[in-house]
Amino acid sequence: MSDAAVATVAPQARRRTAEARRKSFLTSVANHSVAIALTAAFVLPLFFVVTTSLMTQRQALTHDLIPHPFQWRNYIDIFKEEPLLRYGWNTFVYAGMATLGVVLSSVPVAYALSVIKWRGQRAVFLLVISTMMLPSQVTIVPLFLLFRQLGWIGSLKPLIVPAFLGDAFSIFLLRQFFLTIPGELVDAARVDGANEFQIMWHVVVKVAKPAIAAVALFQFLYAWNDFFGPLIYSLNNDKIWTLSVGLQQFTTVHRGVLWNQQMAASVVFMLPVIVLFLFAQKAFIEGVTLTGVKG
Amino acid sequence: MSPWIVGFLLLYAYPMLKTLYYSFTRYDGGKTPPHWVGLFYYRFMFTQDPYFWLSLRNTLWMVVVSVPLSILLGVGSAYVLTKPRRGRAFYRTAFFLPTMVPAVAAAVAFLFLLNAGGPIDHILGFLHLPQPLWFLDAQWSKPGLVVIGLWGVGSTMIIFLAALLNVPTHLYEAADIEGANAWQKLRHVTLPMISPVIFFTAVIGVIYGFQYFTEAYVVGASVGGAAGGTSSALGSPQGSTLFYTIWLYQQGFEAFHLGYASAMAWMLFVIVLACTLVLIKSSNRWVFYQGGFR
């Protein structure tokens, strides 16, 4: 192209890029406005919960959105009035032990359903999946009677012990991940004379750490948030109430008033899992994606 | 495998069959052994228990309204996330955050947020929008519960986000060359490509929708005002939040009509199974699998 031609084309091209830039700027503003509006819709409820938790009881009944004065004492008061520490400890024991149980019991099952090949495997896998779809109501009555016979009602045992017998959702998720592990890795270990247990422990578990982390996080969160289980098995003994049952009872007693304390107690309940999420966000989101896309 | 086999037999197979047996008996869990009554409870459920129908209607309402809405909002907010070049991680965290909030805490939070004089009521008034009484009004209590559910749409959204980002760009480029507009691209490229995920979400939504319990329990107990175990006020206001599982819980674990609760549990199982099968049957008409197989 000659210099003269460049000279005539250039201003036009420059005008076009300026226009394009203006257009892409406007699209970007529009995109961000929608995203910011949605962010507000998702985050503002949490913001109001936190601000109300710092108000005086009277102010919490007004239209005010910002605490005046900031009454930090609410957080001390609720720990004095309600045995929140004990509820928190119970919740932590339930969630921690259930997570341990599910990971320890589900990894071998998922291994047997993916890395090892055997007859009838597909049928068993379908059975595992189908238990995921079974409403818990269909098994709850006989389980309640069984645990009552064992004298476990009013303790955390009915919530923790079953976790050590495997969890269908975790088995499913781990299996999906184990299937993506290259077969050469396993074969190499087998050639080296490793037995199945060694292969599982030293090869598969090492590679599958992200999936195991996701399963552990899901299970912890599930147990932390669980209401139905603790309601059925622990309602008669407030010594072993979890935060979910404790908070529900607290709200019912103080309904319509003491919003500030109810919100403070809610914050205490949700804060640990929110902090956990912020630290382990990547594992969470990868886990959710794994269930949805590969499922 | 063995822990799972023990677990399967002990926690699923045996209790399922035992529940089926109980459903044909009258039994209060006490010393008197179960008394065989045949199909009595199944007949009773359909012909004499008005609360069975009320709770089933409420539950169907919830499934029919909240499953499509959460798919719509899930796809919509995921679509919004695919747009901005910068700040996606920030928005994603913000959208996802509410799903971390425990169900009981979310219900308690919205009891406050939606109450007359609460922040959302205040904002609606400021915008000159209607300010319903939400959980105090039988017309608005279920929509209030839907709001709580939609607030936690983040996990659905994450799944859709991954699906949207997985749609090959060359399909959009081909559509561009043929002069397709934004709507046509959405209708003929995006929706077919993410339809398996929509299907998956719908199935999960229906299965869990029929088991909807916690939020309704917390709201019903708080509005009706019963604590310490006796929650005859569940379903408040005026039975509008009496869902299937709430009625089942009251029958089984408050009145200890274990036979009737067992019959209701099996009926629930049958209903859920039927709905899932209908969805799966319908799927080959609207779900598009790449390469023509699942």
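Note that residues are indexed from 1 along each chain, following the sequence as it is written. Whichever chain is written first becomes A and whichever ligand is written first becomes 1, with later ones labelled in order. Selection of residues for local features in this predicted model requires a pLDDT of at least 70, selection of side-chain atom pairs for listing and counting requires 80 or more, and totals for whole chains, interfaces and linings are taken over all residues.

A. The arrangement of the packing of helix 12 (residues 243-253) of chain A against helix 11 (residues 214-224) of chain B in detail. It is at 8 Å that the axes of helix 12 of chain A and helix 11 of chain B come closest, and there the two elements cross at 25°. Overall, the two elements helix 12 of chain A and helix 11 of chain B adopt an arrangement that is roughly parallel. As for the relative orientation of helix 12 of chain A and helix 11 of chain B, their crossing is right-handed in sense. Residues A:Gln248, A:Thr251 and A:Thr252 of helix 12 of chain A form the contact with helix 11 of chain B, whose own contacting residues are B:Val218, B:Ala221 and B:Ser222. Residue classes follow a fixed rule: Ala, Val, Leu, Ile, Met, Phe, Trp, Tyr, Cys and Pro count as nonpolar, while Asp, Glu, Lys and Arg count as charged, and any other residue, Gly among them, counts as polar. In the contact of helix 12 of chain A with helix 11 of chain B, the residues fall into two nonpolar, four polar and no charged. Helix axes are fitted to C-alpha atoms over the stretch in contact, other axes to C-alpha atoms as well, and angles between N-to-C directions run from 0 to 180 degrees. Numbered from the N terminus, helices here are DSSP runs of H or I no shorter than four residues, and strands are runs of E no shorter than two. Each angle gets one of four labels, with under 35 degrees taken as roughly parallel, over 145 as roughly antiparallel, 65 to 115 as roughly perpendicular, and the rest as oblique. Left-handed describes a crossing in which the near helix is turned anticlockwise from the far one by less than a right angle; the clockwise case is right-handed. We call two residues in contact if the C-beta atoms placed from their backbones are at most 7 Å apart.

B. Structural context of the environment of B:Val287. Residue and element names in this part refer to chain B. Looking at the element boundaries, Val287 is found in the segment after helix 13 (258-286). Spatially, the C-alpha atoms of Val287 and Ile159 are 16 Å apart, while their sequence positions differ by 128 residues. If we skip the residues at most four places from it in the chain, Val287 touches Ser195, Pro196 and Phe199.

C. Summary view of helix 8 (residues 154-166) of chain B. All names here are of chain B. Spanning 13 residues, helix 8 covers 18 Å between terminal C-alpha atoms, matching the ideal 18 Å at 1.5 Å per step. Any residue with 12 or fewer other C-beta atoms within 10 Å of its own C-beta is exposed, any with 20 or more is buried, and the rest are partly exposed; the C-beta atoms used are placed from the backbone. The buried fraction of helix 8 amounts to ten of the 13 residues, a majority that puts the element mostly inside the structure. All of the buried residues along helix 8 are Gly154, Ser155, Thr156, Met157, Ile158, Ile159, Phe160, Leu161, Ala162 and Ala163. The span one expects for a helix is its residue count, reduced by one, times 1.5 Å.

D. Looking closely at the interface of chain A and chain B. Facing 67 residues of chain A, the contacting portion of chain B comprises 73 residues. Residues that form the side of chain A that touches chain B fall into these classes: 43 nonpolar, 23 polar and one charged.

E. The domain arrangement of chain A, seen in detail. In this document the domain limits rely on a domain assignment from an automatic tool or a database. When the domains of chain A are assigned, the result is domain 1 (3-52) and domain 2 (84-293). Here the C-alpha centroids of domain 1 of chain A and domain 2 of chain A sit 43 Å apart.

F. Molecular detail of the environment of B:Ala103. Turning to its location among the elements, B:Ala103 is positioned in helix 5 (residues 103-113). By C-beta crowding, B:Ala103 is classed as buried, having 21 other C-beta atoms within 10 Å. When the C-alpha positions of B:Ala103 and B:Val203 are compared, they lie 21 Å apart, and in sequence the two are 100 residues distant. Setting aside its immediate chain neighbours within four residues, B:Ala103 contacts A:Asn225, A:Phe227, B:Thr214 and B:Glu215.

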